[in-house]
Structure formats: C-alpha cells, structure tokens
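# Examination of the molecular architecture
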Amino acid sequence: MKDKSNREIKHIRFSITSNCNYNCIYCDQEGFIPKTSELTVDEITKLCKILAEILKITRIKFTGGEPLCREEIIQIIKNVSDLYLYKDISMTTNGLLLYEKAEELYKAGLNRINISLASLKPDVYNKIYNSDSLEKVLKGLEKAKEVGFNPIKLNFVLMKGINDNELDTMIEFCGKNGYILQLIELHEVSDAIGGNGDFYKKHHLDVKPIIEELESRAEEIIVRGSMQNRKILKLPNSAIIETITPSHEFCMGCTKLRVGCDGNLFGCLYRSDLGKNIKEALHNHHSLSKYEQIVKQVVDSREPYY
Ligand code: SAM
C-alpha cells in the first residue's frame, strides 16, 4: 500500500506497552501517549496478521515503553512468528532484562535485536538512563550474541556535552564484537507528548559533519532505499555504522507504519494525533477489505515531510 506521496509501507513499528523500567533523558516515547488500555496478546496477534495480509509486509519491530516489561512478551513473539507471515521480527530494548530473556526470545522466533547503548562509561550511562545497570546490560548483550542473535545493533543517540566524546570508543567496541552501530541524531520530541525543547537545544549535535568524516574513512558506503534512505558505512576496522539523521530526505524515504500499544495506528512519529484506533474494530470480525479501509485512511494521512 502506498501513501499519497508514493511511499510504500514496508514495515511496522509496534509498541506493545508504554511501561518502562528506565527513564531516559532523551526519550521520545515513540511519539504517542496511549489513551486506552493495552491491546491483549490475542489482539496484537490478530492485528499483526491483518497488517501483514493487507500490506504484504514481512518486517515488524516491537518497541515500547520497554517491550521486555510486557509480561507476555515471549508469547507475543511466538504467536507472531507462528503466523509464518513475517520473515524479520525484531525488537528494540534497553537490555536490562535481556540476560534473563535472550534465549527464550530467540527460541520464540525473534530474529534481530537493537539495544539502546548511549555510553560505555557507568557514570555517563547512569546520567542518560537514570540507571546504574550498565554492567547488567552488557551481560545481556553478550548473552544475546551467545544465543545466536545476528546482527545485533546498538542504538547510540549522540548528545552534545554528554556522550559525543565516546563515538570512537563505540566504533571500536562494535568493530571488536561484531555489533552494528546505529549512530542516531537526537531528534525533537513530538509536541503531542510535551516536547523536549530545552534539552534538545542544549544537547542536539548535527551529525552530518561527523558522517562526512566517517565516510572519508569508509571502505564502502551503502544507501538503504527503504528505511528513510539511511546510510551504512563499513570502516576498515570492520565496524559497520548505520546513520539515522532526521531531515526531509529522511522523511522522504519513510516506509513505516506505527502501532501504539492501545491500538492507535499512525503514520509518523510526529503526528500520532492523525492516527486511528483499531482496537474496537478488531472485535467486529470485519472482512479484510474493511480493515484495509481503516489502514488506508491512516496511510493517506501521512504528510510528505514533518
Ligand atoms: N525502551 C526501548 C529501548 O530503549 O530501545 C524501546 C523504546 S526507545 C523510545 C527506542 C529507541 O528510540 C531508542 O533506542 C532510541 O534510539 C530512540 N530514541 C528515543 N528518543 C529519541 C530522541 N529524542 N532522539 C533520537 N532517538 C531517540
């Protein structure tokens, strides 16, 4: 299904809970605040099936809040995997509960994992995540590798005056351990959830010059046609860096549909207000074409750029 700007929806970002065991200083809360209760496991499974069938997509990412805080997380992954409709089931997590859950997640059918890791220094980690759990997260990371997750991506949100002096350390860490570094430019938090004006102004760093410098060192540069035209750089130390920088070009390449944990379907991190809640409709046993109408309405609400 394409939106009015001819962008095809190719994957889903699905928040399965707004609960979180962290309180990160940069958090965008995935751009929305739930208005009603969380979808049940059965509702999530049904919605994943409907979306795969309507949109002919095979990729889904689970997020939160913190997805590992959702008690039924293993069941959710297993149910979605057992649909045999998704080839790529991934998750983004802060990693705090990963050590305990990595093996079960892998066995349930989770294919890939992203872990938020904006610092390797315990004091800086503590400042960013309000948590002194760096060591536990690193153990979870190792466990994830051990049980077979591949690739593992580390989400490194760059913040001026906080962790901008750690980029080289992170590149080295990723190169040595075979992790992919996602270098993420801090973005403004949507007004729909209260914004982050002062924090953003103080700590935002334009990542473009840094990417240019990295490009000059890269052995290979790839642009992913989907996924917001993200660039992938392969450095000589075998580190792979993916770059995520918000811009018009970034929005132009956006191929994502978002689902909030209460069933709100929306097309953009910045416009959850344009969403449509599908929770009730899930109980009406509509035909696929009726669900398609609801999804199309949301997809058509996507503006070209925000
Ligand atoms: N709790 C999970 C986690 O830590 O991965 C999932 C939710 S968290 C909102 C998902 C990702 O959003 C984080 O890894 C981070 O990279 C990104 N993120 C959140 N707020 C951001 C911001 N203001 N700027 C850039 N990236 C942000």
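Residues numbered from 1 in each chain as written. Predicted model: local features only at pLDDT ≥ 70, side-chain atom pairs only at ≥ 80, totals over all residues. Heavy atoms only, no water.

It is worth spelling out the packing of aromatic side chains at this point. Under the counting rule described, the total for this entry stands at eight aromatic pairs. Taking 5.5 Å as the distance between ring centres and 40° as the angle between the ring planes, the aromatic pair formed by Phe-32 and Phe-266 counts as tilted. Of this pair, Phe-32 sits in the loop between strand 1 (11–15) and helix 1 (41–55) while Phe-266 sits in strand 11 (residues 264–266), and the two are 234 residues apart along the sequence. Ring centres of Tyr-125 and Tyr-129 lie 4.5 Å apart, and the angle between their planes is 40°; this geometry places the pair in the tilted category. One end of the pair is Tyr-125 and the other is Tyr-129, both in helix 4 (residues 122–129) and four residues apart, which spans about a single turn. Exposure class is identical for Tyr-125 and Tyr-129. Each is buried. Every member of this aromatic cluster is reached through a ring pair, and the members are Tyr-22, Tyr-26, Tyr-125 and Tyr-129. When the ring centre of Tyr-99 is taken as origin, the NZ or CZ atom of Lys-139, which lies over that ring, is 4.8 Å away. Positioned above the aromatic ring of Tyr-99 is the side chain of Lys-143, whose terminal nitrogen or guanidinium carbon lies 5.3 Å from the ring centre. (Phe/Tyr/Trp six-rings, centres within 6.5 Å; stacked < 30°, edge-to-face > 60°. Helix = DSSP H or I, 4+ residues; strand = E, 2+ residues; numbered from the N terminus. Buried < 20%, exposed > 50% of the residue type's maximum accessible area, 1.4 Å probe, protein only. Lys NZ or Arg CZ within 6 Å of the ring centre and 35° of its normal.)

Position of Pro-304 among the secondary structure elements: in the segment after helix 10 (288–300). For Pro-304, a relative accessible area of 33% puts it in the partly exposed group. Through-space distance from the C-alpha of Pro-304 to that of Cys-251 is 7.0 Å; in sequence the pair is 53 residues apart. For Pro-304, the contacting residues outside a window of four places in its chain are Ser-5, Arg-7 and Cys-251. (Contact = heavy atoms within 4.5 Å.)

Moving on, we get to the packing of helix 1 against helix 2 (residues 73–81). Helix 2 packs onto helix 1 with a crossing angle of 30° between their chain directions and a minimal axis gap of 9 Å. When the axes of helix 1 and helix 2 are compared, the pair comes out roughly parallel. Of the two possible hands of crossing, helix 1 and helix 2 adopt the one that is right-handed. Seen from helix 1, the contacting residues are Val-41, Ile-44, Thr-45 and Cys-48; seen from helix 2, they are Gln-75, Ile-76, Asn-79 and Val-80. (Axes fitted to C-alpha atoms, helices over the stretch in contact; angles between N-to-C directions. Parallel < 35°, antiparallel > 145°, perpendicular 65-115°, else oblique. Left-handed = near helix turned anticlockwise from the far one by under 90°.)

What follows covers the nonpolar core. Counting residues in each nonpolar core, the largest one holds 93 residues, and the members touching the most others are Phe-14, Leu-55, Phe-62, Tyr-86 and Leu-105. Discounting chain neighbours no more than four positions away, the residues touching Leu-55 are Met-1, Ile-9, Ile-12, Leu-257 and Val-295. (Core = buried A, V, L, I, M, F, W, Y, C linked by side-chain atoms within 4.5 Å.)

Secondary-structure assignment places Glu-242 in strand 9 (residues 240–244). A polar contact of 3.0 Å, which involves the side chain of Glu-242, links it to the side chain of Lys-153. With near-sequence residues (within four places) excluded, Glu-242 lies in contact with Lys-153, Ile-180, Leu-181, Gln-182, Leu-183, Arg-224, Lys-231 and Ile-232. (Polar contact = N/O pair within 3.5 Å; in protein donor to acceptor, adjacent residues only side chain to side chain.)

For the rest of this paragraph, the subject is unusual backbone geometry. Note that the residue after Gly-64, namely Gly-65, is joined by a cis bond; omega there is 25°. On the secondary structure map, Gly-65 appears in the loop between strand 2 (59–63) and helix 2. The backbone of Gln-29 sits at a positive phi, close to 50°, despite the residue not being glycine. In this fold, Gln-29 is placed in the loop between strand 1 and helix 1. A positive phi angle, near 55°, is found at Asn-130, a position not held by glycine.

Coordinates in, geometry out; function isn't part of it.
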